[in-house]
Structures are given as C-alpha cells and as structure tokens.
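# Residue-level structural notes
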Amino acid sequence: MSDPSHTADCLFCGIVRGDVPAEVVLSTDTAVCFRDTMPQAPTHVLVVPRSHHANAVELARHDPSGLAELVEVADKVAESEGLAGDYRLVFNTGAGAGQSVFHTHLHVLGGRPMNWPPG
Ligand code: DGP
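Residues numbered from 1 in each chain as written. Predicted model: local features only at pLDDT ≥ 70, side-chain atom pairs only at ≥ 80, totals over all residues. Heavy atoms only, no water.

### Let's talk about helix H3 (residues 64-80)
End to end, H3 covers 25 Å across 17 residues, agreeing with the expected 24 Å (1.5 Å per residue, within 8%). As for H3, its buried residues are in contact with strand S1 (24-27), strand S2 (31-35), strand S3 (43-49), helix H2 (56-62), strand S4 (88-90) and strand S5 (106-110). Positive backbone phi, approximately 80°, marks Gly 82, located one or two places after H3. (Helix = DSSP H or I, 4+ residues; strand = E, 2+ residues; numbered from the N terminus. Expected span 1.5 Å × (residues − 1). Contact = heavy atoms within 4.5 Å.)

The following block contains the structure:
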C-alpha cells in the first residue's frame, strides 16, 4: 500500500523523510540509499524507494517503473562502492524469508565471495 496513513510508524519512511539518522550514500528523486546497520558483507547498502509499499511485489503492482528504477539505482550504488558489476541484490519478502522492515528495500551486497544457496 502507498497510503500515507500507513507510513507514520514506518522506520524507513522516517529515514526517507530525514527524521531518523542514517549513513546515506546516494539520494535520488525516487530513492534513498543508506548503509545497513547490520552489514552482512563489506558493502551492504539498502536501496529504499521514497514511496511506501510493504514489499517488492506491492511496488511492482503499483509502480512497475519504480521497481525497475530501484535496480538501476542499485547498480549506481554498486559502481560507486567499487563493486564493478559484481554484487548480489536481495529482496526479502515476508517474515518467513527474513523481512523485518515492511517498506520495500533492495539489499546491495558485495566485497566478498558470495555463497550459494544463501542461508
Ligand atoms: P530485511 O530483514 O530484509 O527486512 O532488511 C532490513 C534491514 O534493515 C536489516 O538488514 C537491518 C536494517 N536495519 C534495521 N534497522 C535499521 C536502521 O535503523 N537503520 C539502518 N540503516 N538499517 C536498519
């Protein structure tokens, strides 16, 4: 949902608004990118759309071009972090899959060898 009434208690809406501090590495018209406070790799940045949707599927349904843009922005972040086209993008979707913040965010991970399957 992108209903603004859902965003008052949302942590990432707070970061997007600038009310909650974060180490921002890139800010665009549509997204804010900041370092994850629990990094799982030497580079771990979250690419967060300014609009509130609960997960990647909700964003895709309501704003498909916004989802594509998120991936473009993630690639810019990876480049500026020196990952040279070598990185992992992750959308955790649902609590059972590890999603803990219910505002769409794309994890950009890199700077170490990545294992498969992921844990
Ligand atoms: P997920 O588990 O996929 O919903 O990812 C949420 C990520 O958000 C998780 O890796 C930890 C990170 N995180 C949680 N709280 C904060 C915060 O206050 N600031 C920042 N920068 N990251 C946070």
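### Thoughts on the environment of Ala 84
Considering the arrangement of structural elements, one finds Ala 84 in the loop between H3 and S4. Each C-alpha atom of the pair Ala 84 and Gly 110 lies 9.8 Å from the other, and the pair is 26 residues apart in sequence.

### A few points about the side chain of His 53
One can find His 53 in the loop between S3 and H2. Within the local environment of His 53, its side chain forms a polar contact with the side chain of Ser 51, the two groups lying 3.5 Å apart. (Polar contact = N/O pair within 3.5 Å; in protein donor to acceptor, adjacent residues only side chain to side chain.)

### Brief notes about unusual backbone geometry
Here Trp 116 and Pro 117 are connected by a cis peptide whose omega angle stands at 0°. Here Pro 117 shows up in the segment after S5. The backbone phi angle of Ala 84 is positive, close to 50°, even though this residue is not glycine. Judged by relative accessible area, which is 72%, Ala 84 ranks as exposed. (Buried < 20%, exposed > 50% of the residue type's maximum accessible area, 1.4 Å probe, protein only.)

### Details of a negative patch on the surface
On the surface, Asp 29, Glu 69, Glu 72, Asp 75 and Glu 79 cluster together into a patch of negative charge. The topology assignment puts Asp 75 in helix H3. (Patch = residues over 30% accessible without salt bridge, like charges linked within 9 Å, V, L, I, M, F, W, Y side chains within 5 Å. Areas by Shrake-Rupley, 256 points an atom, 1.4 Å probe, with all protein chains shown as cover. Salt bridge = Lys/Arg side-chain N within 4 Å of Asp/Glu carboxyl O. Lys, Arg positive; Asp, Glu negative; His and termini not counted. Charge placed at Lys NZ, Arg CZ, Asp CG, Glu CD.)

### Here's the deal with the nonpolar core
Counting residues in hydrophobic clusters, the biggest one holds 13 residues, and the most contacted among them are Cys 33, Val 47, Leu 70 and Val 108. Per-element accounting of this core gives the leading share, five residues, to H3. Sequence-distant contacts of Val 108, defined by excluding residues within four places in its chain, comprise Thr 43, His 44, Val 45, Val 47, Ala 74, Ala 78, Leu 83, Tyr 87, Arg 88 and Leu 89. One finds Val 16, Val 32, Val 48 and Val 101 within the second-largest nonpolar core, a separate group that totals ten residues. (Core = buried A, V, L, I, M, F, W, Y, C linked by side-chain atoms within 4.5 Å.)

### Notes on the pattern of salt bridges
Evaluation of the coordinates by the stated rule reveals four salt bridges. Arg 35 is the partner of Glu 23 in a salt bridge, and the nearest nitrogen-oxygen pair spans 3.1 Å. With Glu 23 in the loop between helix H1 (11-17) and S1 and Arg 35 in strand S2, the pair connects residues that are twelve residues apart, well separated along the chain. A relative accessible area of 28% places Arg 35 in the partly exposed class. Note that Arg 35 and Glu 81 form a salt bridge whose closest N and O atoms lie 3.0 Å from each other. With Arg 35 in strand S2 and Glu 81 in the loop between H3 and S4, this residue pair connects regions lying 46 residues apart in the sequence. Assessed through its relative accessible area of 22%, Glu 81 is described here as partly exposed.

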